[in-house]
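# Summary of structural features
The residues making up each chain are set out below.
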Amino acid sequence: MEMMRKERIDRGIKVRTEGIYAISSYREILYLMGPRLLLIVGVLVLPLFLELVPYWKRVINIMFVYSLLALAFDFLANYVGLVCLGGAFFVGVGGYLSAVFNVYLHLPVYLSIPLATIFGAVFCTITVLPCMPLRGVYFAIVTLMYPLLATRVIEALNILGGTNGITGVDSFPHEYAEQYVIIIVMLLFLFGMRRFVNQDIGLVIRGVKDNDQAVRASGISVTYMKSLAVFIASFMCCFGGAYIAHLYMWAGLSLFALDFSIIPIASVVIGGGGTLVGAAIGSFILVPLSEFLRFFGTFRIVIYCAALTAFIVLKSEGLMVYLQRKYHQFERWVRV
Amino acid sequence: MEIIIYGVINSITLALISLGFTLVYSISRLPNFAHGALYITTGYITWLLVNKLEGFPFPFVIFISIAITCIIGASIYRFILIRIRGMEISEIIATYAIGLAILEGLRWGGLRGMTFTLPTFSSGTVNIFGTNIDHQRLIVVGIGICTFILLYLFTHFNKIGLALRGIAQDERAAMMLGIDSDTTAIISLAIGSGLAGLAAVVILPLGNIIVEAGYNVLIFAIAVCVIGGLGSWAGTILASFIIGFAQILTEVFLSSHYQMVVALLAIIVTLLIKPSGIFGKQKELEERV
Amino acid sequence: MNDDIIISVKEISKSFGGLKALMDVSFDVHAGEIYGIIGPNGSGKTTLINCITGFIKPNAGHVSFKGHNITNMPPHKIAHMGITRTFQIMRPYYSLPAYKNLIVPLWSPRARKAGGWRGGGKHGDRDTVAVDILEEIGFERDSRVPYKLASSLPTGYQKRLELARCIALRPEVIFCDEVFSGLSMSEIASMLPLIEKLKMDGITLIMVEHRLRELFRVADRVMALNFGEKIAEGNYSEVIEDKRVKEAYLGSEEV
């Protein structure tokens, strides 16, 4: 009886592109740069296509916001080891701060968003600080509470507009500004984070996930590193929140909604955890899908969760890893 | 005096709600974020059975719905969690997603508005020390106390219960003695879900069945377990009393808006001061690597 | 060997619940010496290291380093002062190549202040410095060993990587937690010169060991622990002949 097994081998072109030979011919360069160029160009050109279907403009804007959030979650969970189930907290903080700057302090849009992002990130890092020493499970549990706590506090104290929220937030000066701001920021962070996690400082942060005792024994304060990571992640999410506040011209309790916590997680799981790009791809799939599913009302959350669970259990490596494997390697059956 | 009585009632209610969650975590190290969902599910099933199937005796209906919840809990483990056992992050996300799916699914399926109620076991009030208390609340307290006692006896004198405790204390050693960790996980999840169901059946008659209650139950259960120390029973009871009284006091002196805030703040405070909870045993031993 | 006492441990005690892991352990280590700690399994050796290096808080007692009290300091501060340790259960940063594992200690404030290893080595040069360190401790550069994934290295190399992680910090003291365990005779034989070299560089080594014969070759003084108590101290031959030590290991009155 013949036994067959599957064998995976790197594609020839992949091997050729490792090292100096990567620039030896157009074909090799295209192999490496192709997917990235496709992504960048595709995303930059998208708004022009959207002129044809104006309804989708807002959806796509939201999609890019979600991809930022997913990026932040992927970074925190898979590179630092901090599973933050309450990303909506960061979003809400950014959104409310931006609204406050814009409406109460009368700052223009191009000031309120950056300021909200920076101050929001600082605020979030400080509030999450008590949770830093916690082990994975505890951290997840507690961060889950943060957005819930925020909503109840705002409701109970009736501050910041209470249940009505803050209205009268300025919108962007021009539609293209609205679209390209988020696209460019998203691209910057996507490639920036990729660079970052391979820098020395990024390696140290990743070391915290693998073996935090060893990092301590190397004379580095793990709490400081985690705070830095949370600052970066909340920076991204606060920007997203600030952007949304100006997109909808309103900042309300819905900024702390479950959606902002769950969809990034689902995007990361489906798109492939740990790849950063996967997070973005996942949201590119999920958000338009959720628009289609709007018809189903709250049932769409059931669908996300079911998909999420299915992916975790069955294909936990996610799409991106699967695609990367297909791109770089080929499989064949060999006789044992 | 009223404060003390309501404090006790509230505390035992909290303890009853959290018992299922603590049990599953201390035995199988599984944070069952679907706990709140299972709670509401039992309530809904009971409502369905009571209203759609006339003529069945009430105790029978309760028994059936709790049993169904146990089966749901066990299936969650058997078909989903068993494949991701050991990967904490995935467990949390998966149970959270399942819980969310159940709750939102129920909401979509019609569980909206204030019209869903369960019948109380017995209506009428009783006067204790000058305060009027509903029978139902007394029943909650009674069942709560009975459940604790029964669970204590079960885990200390019954073979299966002892096996569960064995796994809770040292998984490897118990496995070496032939206790299968997956089977115990299924059993513990079944019992945990059943406890959630029991709590639902007894407590929901005091109000309505609403989906938000599912989230609230989850938050309370987590609060109690984190404060009491994940893995400790005495801690769970003590923590329920602390939170229970804190809530009643806030309700009396501030306003009832703050009930949830109290629970959430308590979690954060505990994590700042003593992360492993009051009686938690885990943190010290972590450092030993 | 000079007479400066670099580490002074006074009456350290630690209990885990009812289990008394350490009871009033005291000892002094001179600068530049190799100090061994031996004892049967469960005698508290790793707990002792954990208490001194800040990973566990002792219930009682003091530890001082060059006169400064370091009891209860957090582990990263202690490492920053120059006391490093290896881990018995090694977990290198698996997905990274061997030399990248050293980036973490080289990035630390202490290594940055010291300006890298023997001159050179600022930001971009960390990679080069890392490979240099690995070469010094025996990773053959030519065979590309430093570039292999840490998880694919054999045990001997992983142990050396652990030591390299400590060395990269330019420490004054290294606590070696059973560095010889799990190694073959030839692997140990190639580690010994490394130990000697560290001593020649002026680094104080405190070695917890199970492999007594190997320890004998390098240790200046040795302390024996049993059930959390210090039962003997002195140079190697004195301790080995001590009755209580023999009883602890062999368990009988007559040998």
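Described in the following lines is the structure provided in the data block. (Residues numbered from 1 in each chain as written. Chains lettered and ligands numbered in written order. Predicted model: local features only at pLDDT ≥ 70, side-chain atom pairs only at ≥ 80, totals over all residues. Heavy atoms only, no water.)

## Overview of the overall build of chain C
Counting its secondary structure elements, chain C contains ten helices and ten strands. Considering only C-alpha atoms, chain C reaches an extent of 60 × 40 × 40 Å along its principal axes. Expressed as a percentage of the 255 residues in chain C, the buried residues total 55%. Long-range contacts, defined here as pairs at least 24 residues apart, represent 66% of the contacts in chain C between residues at least 6 apart. By element, 51% of the accessible surface of chain C is carried by carbon and sulfur atoms, the whole surface being about 11000 Å². In chain C, 33 positive and 31 negative side-chain charges are present, and the distance between their average locations comes to 8 Å. (Helix = DSSP H or I, 4+ residues; strand = E, 2+ residues; numbered from the N terminus. Buried < 20%, exposed > 50% of the residue type's maximum accessible area, 1.4 Å probe, protein only. Contact = heavy atoms within 4.5 Å. Areas by Shrake-Rupley, 256 points an atom, 1.4 Å probe, with all protein chains shown as cover. Lys, Arg positive; Asp, Glu negative; His and termini not counted. Charge placed at Lys NZ, Arg CZ, Asp CG, Glu CD.)

## Observations concerning the pairing of strand E1 (residues 5-16) of chain C
Residues and elements named next belong to chain C. With eight bridges connecting them, E1 and strand E2 (residues 19-30) associate as antiparallel partners. Across the sheet, residue Ser8 finds its bridge partner in E2, namely Asp28. Where E1 lies against strand E4 (residues 60-65), five bridges are found, and the strand directions are antiparallel. Bridging across to E4, Ser8 finds its partner in Ser64. (Pairing = 2+ DSSP bridges.)

## Remarks on the interface of chain A and chain B
Bring the parts together and some accessible area is lost; that lost area is often taken as the interface size. The interface is formed by 34 residues belonging to chain A together with 42 residues belonging to chain B. Both faces considered, chain A and chain B share a buried interface measuring about 3700 Å² in area, 80% of it formed by carbon and sulfur atoms. Joining chain A to chain B, the criterion identifies zero salt bridges. Taken together, chain A and chain B are joined by zero residue pairs in polar contact (both at pLDDT 80 or more). Those elements that place two or more of their residues in the side of chain A that touches chain B are helix H6 (136-157), helix H11 (258-271) and helix H13 (299-314) of chain A. With 14 residues, H6 of chain A is the largest single contributor of residues to the side of chain A that touches chain B. Across the side of chain A that touches chain B, the residue classes break down as 29 nonpolar, three polar and two charged. (Buried area = accessible area lost by both parts, 1.4 Å probe. Salt bridge = Lys/Arg side-chain N within 4 Å of Asp/Glu carboxyl O. Polar contact = N/O pair within 3.5 Å; in protein donor to acceptor, adjacent residues only side chain to side chain. Nonpolar A, V, L, I, M, F, W, Y, C, P; charged D, E, K, R; others polar.)

## Brief notes about the pairing of strand E9 (residues 221-226) of chain C
All names here are of chain C. Within E9, five of the six residues are buried, which leaves the element mostly enclosed by the surrounding structure. Alignment of strand E3 (residues 34-38) against E9, held across four bridges, turns out to be parallel. Directly across from Tyr35, in E9, lies its bridge partner Arg221. In this sheet, strand E10 (residues 229-234) lies alongside E9 in antiparallel orientation, the contact comprising five bridges. Its bridge partner being in E10, Asn226 is matched across the sheet by Glu229. Connecting E9 to the next strand, E10, in antiparallel fashion are two residues, including Phe227 with a positive phi near 50°.

## Section: the packing of helix H10 (residues 233-253) of chain B against helix H11 (residues 259-273) of chain B
All names here are of chain B. In contact at an axis separation of 9 Å, H10 and H11 are set at 140° when each is read in the N-to-C sense. By the angle between their axes, H10 is oblique relative to H11. Between H10 and H11 lies a crossing of right-handed hand. Residues Ala246, Gln247, Thr250 and Glu251 of H10 form the contact with H11, whose participating residues are Gln259, Val262 and Ala263. (Axes fitted to C-alpha atoms, helices over the stretch in contact; angles between N-to-C directions. Parallel < 35°, antiparallel > 145°, perpendicular 65-115°, else oblique. Left-handed = near helix turned anticlockwise from the far one by under 90°.)

## Focus on the sheet that holds E3 of chain C
Residue and element names in this part refer to chain C. The strand order across the open sheet built from six strands is E6-E7-E8-E3-E9-E10, with neighbouring strands paired in mixed fashion. Of all strands in the sheet, those bounded by a partner on one side alone are strand E6 (83-85) and E10. Sheet twist, expressed as the mean angle between neighbouring strand axes with direction ignored, is 15°. Of the strands in this sheet, E3, strand E7 (173-177) and strand E8 (204-208) touch helix H7 (residues 185-200), which is tilted by about 145° from E8.

## Focus on the state of the cysteines
In the structure shown here, the tally under the stated rule is zero disulfides over all chains. Considering cysteine sulfurs only, Cys238 of chain A is the nearest to Cys124 of chain A, which forms no disulfide, with 3.9 Å between them. By relative accessible area, Cys124 of chain A is classed as buried at 0%. Not engaged in a disulfide, the cysteine Cys70 of chain B finds its nearest cysteine sulfur in Cys146 of chain B; these two sulfurs lie 18 Å apart. By relative accessible area, Cys70 of chain B is classed as partly exposed at 23%. (Disulfide = S-S within 2.5 Å.)

## Regarding unusual backbone geometry
Backbone geometry at His106 of chain A places phi at a positive 55°, although glycine is not the residue there. Checked against the element boundaries, His106 of chain A lands in the loop between helix H4 (87-104) and helix H5 (109-128). With phi around 50°, Lys66 of chain C is a residue other than glycine that occupies positive phi space. As for its placement among the helices and strands, Lys66 of chain C is situated in the loop between E4 and strand E5 (68-69).

## Comments concerning the nonpolar core
The biggest cluster of nonpolar side chains holds 187 residues, and the ones touching the most others in it are Phe64, Phe75 and Leu85 of chain A together with Phe33, Tyr39 and Ile222 of chain B. At 18 residues, helix H3 (residues 55-80) of chain A tops the list of elements feeding residues into this core. When neighbours within four sequence positions are excluded, Phe33 of chain B is seen to be in contact with Leu85, Ile141 and Leu144 of chain A together with Phe21, Ile92, Thr95, Tyr96, Gly99, Leu218 and Ile222 of chain B. Core analysis: the next-biggest nonpolar cluster, separate from the first, contains 48 residues, Ile137, Leu161, Leu163 and Ala168 of chain C among them. (Core = buried A, V, L, I, M, F, W, Y, C linked by side-chain atoms within 4.5 Å.)

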